[in-house]
Amino acid sequence: MPNPIINPVILLSPIENGYVAYDPVGDKLHELNPMGALITELCDGTKSIEEIRELVRPLVPEGKVAEIDRWIDQALSAGLLAWPGDAASRARQVSVEELSALAKRLREAGKVRTAYLCRKRVTELNPEDPNAWYQLGDIAHICGKRDEARRAYEKYLESYPDDAELQHVLVALRDQAPPPRAPNECIEQIYKGFSAYYEKQMREDLSYTGPERLDEGMKAVLGDKRGLKVLDLGCGSGLSGTVLKDRAAELTGVDLSPEMVALARGRNLYDKLEVAEITEWLKRNQETYDLIVSCDCLIYFGDLGQVVVPAAAHLKPQGVIAITMEKGARPPFQLTDSGRYAHHPDHVREVAKRAGLTVARLDEGFLRMEYGTEVIALYVVLTKPSA
């Protein structure tokens, strides 16, 4: 009798108490307990069933040895194990193209664990394809497999070393000291590709509510004040402009991405729009404002003082700064694996004091979804005292 082997078509990944095994032909996911995982590892084609039984026997409770043969029989029936000739025939049925297409469908269906297994097999079959490594890094990232995501992205960057977004993400995945802010090239790259579907993904897919939630905090401080001179820093596609327009006698928007500014221009909400990096723009601009807003832009900055302190210098007496950021777990801030910075409430208070501002509101609440998990934001309203 030939020695059993793992069916080459089966995709395996270790988990805390064993393995998961995915059959892309039958679209079946199996979870293997420790005994099943051990038997699977032993089925490398060099051992007979009798030898496998003797190796596993010491780990099986007395009187349960028959469970070994029963498990092997079930694994053979389920296609997890196979005889060498049968397995080779079946393995040829799944190509790289089919696995890639299957991974895409599985991810769209929310089955990220099985999508990851497919992507991993694609890189094994086609290790010279940099896109395969990128796709593996992306899905490993989603699954929380930081080390594997890092290794896959590094393989991709061997072919595309100028990918500024991934270079920035790798700073976090390598646990390196973060830069003061995300590089311009990184942000420009993100939104050059993202702009075409930004609003659909943010609003429909991720349920983004940042502008509306921030507006609630502004109303608590400003009431129904109208006729304000308003500055929207990091205006993006102009979503924040939709809640600012009613307050504004004059509405100015600034953003680094020309593609996003083009979207904002199409809304016909802004009196002025400029493509610029916001801290450089604040340095050269001489105007003052009643209300300065930055919604979902400070995720690209570490120390918030880089924006808040110069913005405060452009604020009229009794003026207001309203900002959002992702909430961080530890002070002062951290670069997360997403490549975005998250900020602790204590850091917000410290920066407000540094800028000579008063914290009028500091609320926590839902911002959007990310990989099926709620992202919590800080919604902050700062006020400037009278002259």
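Here the structure is shown first, and the text comes after it.
Below: a short report on this structure. (Residues numbered from 1 in each chain as written. Predicted model: local features only at pLDDT ≥ 70, side-chain atom pairs only at ≥ 80, totals over all residues. Heavy atoms only, no water.)

A few words on the nonpolar core. Counting 70 residues, the largest nonpolar core has Leu291 and Ile321 as its most contacted members. When residues of this core are assigned to their parent elements, the largest contribution, seven residues, is made by strand E14 (residues 373-383). Once you skip the residues sitting within four places of it in the chain, isoleucine 321 turns out to touch Ile292, Val308, Ala311, Ala312, Leu315, Leu357, Val380, Val381 and Leu382. In this structure, Leu11, Leu102, Val122 and Ile139 belong to the second largest nonpolar core, which totals 27 residues. (Core = buried A, V, L, I, M, F, W, Y, C linked by side-chain atoms within 4.5 Å. Buried < 20%, exposed > 50% of the residue type's maximum accessible area, 1.4 Å probe, protein only. Helix = DSSP H or I, 4+ residues; strand = E, 2+ residues; numbered from the N terminus. Contact = heavy atoms within 4.5 Å.)

Time to look at the packing of helix H5 (residues 96-108) against helix H6 (residues 112-125). Running from amino to carboxyl end, H5 crosses H6 at an angle of 160°, the nearest separation of the two axes being 8 Å. In terms of orientation, H5 lies roughly antiparallel with respect to H6. For the pair H5 and H6, the sense of crossing is left-handed. Of H6, the residues touching H5 (which contributes Val96, Leu99, Ser100, Leu102, Ala103, Lys104, Leu106 and Arg107) are Thr114, Ala115, Cys118, Arg119, Arg121, Val122 and Leu125. Taken together, the residues of the contact of H5 with H6 break down into nine nonpolar, two polar and four charged. (Axes fitted to C-alpha atoms, helices over the stretch in contact; angles between N-to-C directions. Parallel < 35°, antiparallel > 145°, perpendicular 65-115°, else oblique. Left-handed = near helix turned anticlockwise from the far one by under 90°. Nonpolar A, V, L, I, M, F, W, Y, C, P; charged D, E, K, R; others polar.)

Let's shift gears to the sheet that holds strand E3 (residues 18-23). Ordered by their spatial adjacency, three strands build an open sheet running E2-E3-E4, and the pairing between neighbours is antiparallel. What marks the edges here is a single partner per strand, and that holds for strand E2 (11-15) and strand E4 (28-32). Taking each pair of neighbouring strands and ignoring which way they run, the sheet shows an average axis angle of 20°. Across five bridges, the pairing between E3 and E4 is antiparallel. (Pairing = 2+ DSSP bridges.)

Here we come to helix H8 (residues 146-159). The first and last C-alpha atoms of H8 sit 21 Å apart over 14 residues, in line with the 20 Å expected at 1.5 Å per residue. Buried within H8 we find Glu148, Ala149, Ala152, Tyr153, Tyr156 and Leu157. Taken together, the buried residues of H8 touch H6, helix H7 (130-142) and helix H9 (164-173). (Expected span 1.5 Å × (residues − 1).)

Further remarks concern the side chain of arginine 181. With respect to the helices and strands, arginine 181 occurs in the loop between H9 and helix H10 (184-194). A distance of 2.8 Å separates the side chain of arginine 181 from the side chain of asparagine 184, its partner in a polar contact. Those residues within four positions of arginine 181 in sequence are excluded, and the remaining contacts are Ile187, Glu277, Tyr300, Phe301, Gly302, Gln306 and Tyr341. (Polar contact = N/O pair within 3.5 Å; in protein donor to acceptor, adjacent residues only side chain to side chain.)

Right, let's talk about the pattern of salt bridges for a bit. Where charged atoms from two side chains of opposite charge approach closely, those side chains can pair. Tallied over the entire structure, the rule returns 35 salt bridges. In this structure, lysine 245 engages aspartate 271 in a salt bridge whose closest nitrogen and oxygen atoms are separated by 3.9 Å. Highlighted residues: lysine 245 in the loop between helix H13 (241-244) and strand E7 (248-255) and aspartate 271 in the loop between helix H14 (258-265) and strand E8 (272-275), separated in sequence by 26 residues. Given the relative accessible area of 46%, aspartate 271 is considered partly exposed. Measuring nitrogen to oxygen at the nearest pair gives 3.3 Å for the salt bridge that ties arginine 354 to aspartate 303. Of the two residues, arginine 354 sits in helix H17 (residues 345-354) while aspartate 303 sits in the loop between strand E9 (289-294) and helix H16 (305-313), which places them 51 residues apart along the sequence. Judged by relative accessible area, arginine 354 falls into the partly exposed class, the value being 42%. Taking relative accessible area as the criterion, aspartate 303 reaches 25% and is therefore assigned partly exposed. Salt bridges linked by common partners bring Lys229, Glu250, Lys272 and Glu287 together as one network. (Salt bridge = Lys/Arg side-chain N within 4 Å of Asp/Glu carboxyl O.)

We now examine the environment of isoleucine 39. By the secondary structure assignment, isoleucine 39 is in helix H1 (residues 34-42). The buried category is assigned to isoleucine 39, whose relative accessible area is 0%.

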